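# Architecture at a glance
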Amino acid sequence: MGEIVAKAVYSAVGQFFLLVWILPAGILLLAYLIYIMVMTIGEIRKK
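The structure presented is a predicted model; accordingly, all values stated were derived computationally and were not measured.

Turning our eyes to something else, we now look at the overall build of the protein. The number of helices and strands found in the protein is one helix and zero strands. Principal axes of the C-alpha set define a box for the protein whose edges measure 70 × 10 × 5 Å. A buried classification covers 0% of the 47 residues belonging to the protein. A total of about 4,700 Å² of accessible surface is found on the protein, and carbon and sulfur atoms cover 78% of it.

Shown next, in the form of structure tokens:
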């Protein structure tokens, strides 16, 4: 019984870590890449 509870707790902690750290980092990375692409296209159009 304790093994099932421990597995559930580890799963919840893993999901919490994923939502709090990995997801925002991924969103920031994606936004940064989009920003680089937009600025690059803007510079190409200027010339």
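Looking now at the environment of Tyr10. Assignment of secondary structure puts Tyr10 in helix α1 (residues 2-46). According to the relative accessible area criterion, Tyr10 is exposed, its value standing at 63%. Along the sequence, Tyr10 and Lys46 sit 36 residues apart, while their C-alpha atoms lie 53 Å from each other.

Together, Phe16, Phe17, Leu18, Leu19, Val20, Trp21, Ile22, Leu23 and Ile27 make up an exposed nonpolar region whose accessible area comes to about 970 Å². Along the polypeptide, Leu23 turns up in helix α1. Given the relative accessible area of 47%, Leu23 is considered partly exposed.

Now for the pattern of salt bridges. Inspection of the entire model under this criterion finds one salt bridge. A salt bridge links Glu43 to Lys46, with the shortest nitrogen-to-oxygen separation between them at 3.5 Å. Taken together, the positions of Glu43 and Lys46, both in helix α1 and three residues apart, correspond to about one turn of that helix. The class of Glu43 is partly exposed, set by a relative accessible area of 44%. Lys46 gets classed as exposed once you look at its relative accessible area, which sits at 66%.

Rules behind the numbers
Positions within a chain are numbered from 1, following the residues in the order the chain's sequence is written. Where local features are concerned, this predicted model is filtered to residues with pLDDT of at least 70; where side-chain atom pairs are given and counted, the filter is 80 or more; whole-chain, interface and lining totals use all residues. Note: side-chain values were computed over all heavy atoms of the structure, leaving out hydrogens and water. Helix and strand labels come from DSSP, where a helix needs a run of H or I of at least four residues and a strand needs a run of E of at least two; each type is numbered from the N terminus. Exposed residues in this analysis have more than 50% of their type's maximum accessible area, buried residues have under 20%, and partly exposed residues fall in between, with area computed by a 1.4 Å probe over protein chains only. All accessible-area figures derive from a Shrake-Rupley calculation using a 1.4 Å probe, and residue coverage is judged against the displayed protein chains alone. Exposure above 30% relative accessible area and no salt bridge define the residues that can form patches, which grow by joining like charges within 9 Å and nonpolar side chains of Val, Leu, Ile, Met, Phe, Trp and Tyr within 5 Å. The salt bridge definition used is simple: a Lys or Arg side-chain nitrogen within 4 Å of an Asp or Glu carboxyl oxygen.

Purely geometric numbers; function is a separate question.
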